[in-house]
Amino acid sequence: MSGCTAKQSTDTSERWVEVEGRRLKLTRLEKQLWPGITKAELIKYYAEMSDFILPYLRSRPMTLHLYPDGIEGKHFFRKEAPEFTPDWVRRFPYRAEDGKLINYILCGDRPTLIWLANLANIEFPITLSRIEDLEHPDLVVFDLDPFQPATFRDACMVALVLRDGLRQLGLQSWVKTSGATGLHVLVPVAPKYTFQQTREFVRRLGKMLESLMPEVLAEFRPVEERKGRVLI
DNA sequence: GCGCCGA
DNA sequence: TCGGCGCAACGCTTA
DNA sequence: TAAGCG
Ligand SMILES: [Mn+2]
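Within every chain, residues take consecutive numbers counted from 1 along the sequence as written. Chains and ligands are labelled by the order in which they are written, letters from A for the one and numbers from 1 for the other. Reporting in this predicted model follows two pLDDT cut-offs: at least 70 for local features of residues, and 80 or more for side-chain atom pairs to be given and counted; totals over whole chains, interfaces and linings ignore these cut-offs and use all residues. In computing side-chain properties, one takes all heavy atoms of the structure into account and sets aside hydrogens as well as water.

Asks: Would you mind going over the sheet that holds strand β11 (residues 174-178) with me for this structure?
Replies: Either a parallel or an antiparallel arrangement is found when strands of a sheet pair, and the pairing is made through backbone hydrogen bonds. Read from one edge to the other, the open sheet built from 4 strands follows the order β11-β12-β10-β13, with strand pairing classed as antiparallel. Two strands bound the open sheet, and with one partner strand each, they are β11 and β13 (230-231). By the bridge criterion, 5 bridges tie β11 to strand β12 (residues 182-188) in an arrangement that is antiparallel. Looking across to β12, one finds that K176 is bridged to H184. When checking whether two residues touch, look at their non-hydrogen atoms; a contact exists if any pair is within 4.5 Å. Axis definition: a line fitted to C-alpha atoms, over the contacting stretch in the case of helices. Angles run 0 to 180 degrees between N-to-C directions. In DSSP terms, a helix is any run of H or I states spanning at least four residues, a strand is any run of E spanning at least two, and both are numbered starting from the N terminus. In the packing of helix α3 (residues 152-168) onto the sheet, contacts are made with β10 (139-146), β11, β12 and β13, and the angle to β12 comes to roughly 15 degrees. At least two DSSP bridges between two strands are needed for those strands to be called paired.

Next up, the structure:
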C-alpha cells in the first residue's frame, strides 16, 4: 500500500528560495499541473532554461498565461501587474490608443521568471517588438498551419522552401514548433519597419510561395479549399 | 494563484 | 473563516 | 452588425 493519497487541497508545500538576491516564496509545489508533472518541476524547468529563455523575453511587455488548476483546468490571461507583484519586478506603463493605462510586467531576469513560474504561468508568448521601440518589430513571424489531411510534415516542407526564399533575400530565419502541429518561422529584423510593413511583407511572400506551389499552400483560399493545404 | 469582498 | 470572483482583447468566420 | 472561435 502506498498510503500516499495526498490530496491537492492538502498540498501546503512551500519553500522560500533566494534567486539572485531576491527572496521569494514558492507555493503548492506538489500541485499537479500535468498528469505526473508538479509545479515544482515546472519551476525547475524554467530555472534550468532561464539563460536561453530570458533573452527572448527581455524588454517585451508580458501577457501572463496562468494555469493555477493545471493545463486541463480553467486558465486566464493577465496584463496588468497584480497588486501583490514584488517591488523589484520591472513594470512598463503603457497607455493604449483607447486611453487605458496598463502596467505591464517585464521579465528580464531570473527572479521574475521564477516568480511567474510559481504563479503557474505555463506559457511565455512574446510580443514582436520591444519597449525601446514598440512601433517597430524586431521579429517577423511566419505562422504555418497545416489543415487536415495536411500534416506537420507538410508544414515542415513549406518551412524549408520558405527558409530558402528568405535566404535568397539575404534574411536568416529560425524555426520553432507552435501548438500541436504548426510551425513558426522567425526572422530577426532591425526595428525600422512598421507592423503594417512587416505584415505586408509576410503576406507578399506567402502569395509568392502560393503561386510557386499552389497544391500545397492555402493562401487566399476560402476555408473549405484549405483542406489538405498549409496556411501561412 | 492570489487578494478582495460579502456572507 | 469561507466561497465566489476577476484577472485580455484581436482578426477571422459565420449567422 | 454581432456573436463565437482560437
Ligand atoms: Mn499557428
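Asks: So what exactly am I meant to see when it comes to helix α1 (residues 39-57) here?
Replies: Since one α-helical turn is 3.6 residues long, residues separated by three or four positions face the same way. To estimate how far a helix should reach, multiply one less than its number of residues by 1.5 Å. An ideal rise of 1.5 Å per residue puts 27 Å on 19 residues; α1 reaches only 21 Å between its terminal C-alpha atoms. One axis fitted to the seven residues ending at a residue, another fitted to the seven starting there: the angle between these axes is the bend at that residue. The sharpest bend along α1 measures roughly 75 degrees and falls at S50. Three exposure classes are used, based on accessible area relative to the maximum for each residue type with a 1.4 Å probe and protein chains only: buried under 20%, partly exposed in between, and exposed over 50%. Of the positions making up α1, those classed as buried are K39, L42, I43, Y46, S50, I53, L54 and L57. Residues of α1 that are buried in the fold lie against β2 (22-27), β3 (32-34), β4 (37-38), α2 (110-118) and β9 (121-123). Following α1 by one or two positions, S59 adopts a phi angle in the positive range, close to 70 degrees.

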